[in-house]
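# Survey of secondary and tertiary structure
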Amino acid sequence: MDQYHFLVGEFSKNSPFIPAAASAQLFAWFAQIGEPVERYGSRRGKVVKFSQRNYEKMLFAPDADSIALFSPRIVPPDEADDITNCDALAVYQPAVSLLLAMRASKHCARRCKHMAASLRTTARHAGF
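The complete set of buried residues in helix α2 (residues 52–59) reads Tyr55, Met58 and Leu59. Angularly, the buried residues of α2 cover 100 degrees about the axis, an arc narrow enough to put them on a single face. More than 90 degrees from the buried face of α2, the exposed residues found are Arg53 and Lys57. Considering only its buried residues, α2 is in contact with α1 (19–33), β2 (39–41) and β4 (67–70).

Take a look at the structure:
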């Protein structure tokens with residue numbers, strides 16, 4: 001079983017959910033750790049291939065209430081759960097929290113130190 005490094009945070013009371021700002025910060029986090037975004041969580045709860053057009057439609061929909069982004073698959077889709085079948089993932093859901101995760105075996109200790117710094121920056125910009 002793979003190990004992951006996690007950062008989980010809770011939102012400040014009455015924090016507004018601003019999808020565009022949150023999305024920009026999550027994409028910045030992926031860029032900082034050197035992972036591309038290949039998939040995202042659709043409104044129907046499925047993990048789907050990233051399409052800028054469809055992602056923006058979902059992001060700016062009036063009922064948008066969360067963001068989930070995933071790096072490329074590690075193994076074929078039938079061999080692992082779609083949500084954990086990646087090296088990095090980010091979930092932003094005001095009703096619950098912010099979750100950032102990276103697969104431990106992918107990154108050496110030096111990168112993990114850089115990851116911790118980028119997580120603090122992302123959390124600060126997200127209103128934690």
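For residues with low pLDDT, the predicted coordinates do not support detailed interpretation. Scored by pLDDT, the chain comes out at a mean of 81, with 80% of its residues at no less than 70. Of all helices and strands in the chain, the one with the weakest mean pLDDT is helix α3 (residues 109–125) (56), whereas β2 scores best (95).

Counting residues in hydrophobic clusters, the biggest one holds 20 residues, and the most contacted among them are Leu26, Trp29, Phe30, Tyr55, Ile67, Leu69 and Tyr92. Those elements that provide at least two residues to this core are α1, α2, β4, β5 (88–93) and β6 (97–103). It is α1 that contributes the most residues to this core, 5 residues altogether. Formed by 7 residues, the second largest nonpolar core is a distinct cluster that contains Tyr4, Val47, Ala68 and Ala101.

Scoring rules and cut-offs
Residues numbered from 1 in each chain as written. Predicted model: local features only at pLDDT ≥ 70, side-chain atom pairs only at ≥ 80, totals over all residues. Heavy atoms only, no water. Buried < 20%, exposed > 50% of the residue type's maximum accessible area, 1.4 Å probe, protein only. Helix = DSSP H or I, 4+ residues; strand = E, 2+ residues; numbered from the N terminus. Arc of directions from axis to C-beta. Contact = heavy atoms within 4.5 Å. pLDDT = per-residue confidence, 0-100. Core = buried A, V, L, I, M, F, W, Y, C linked by side-chain atoms within 4.5 Å.

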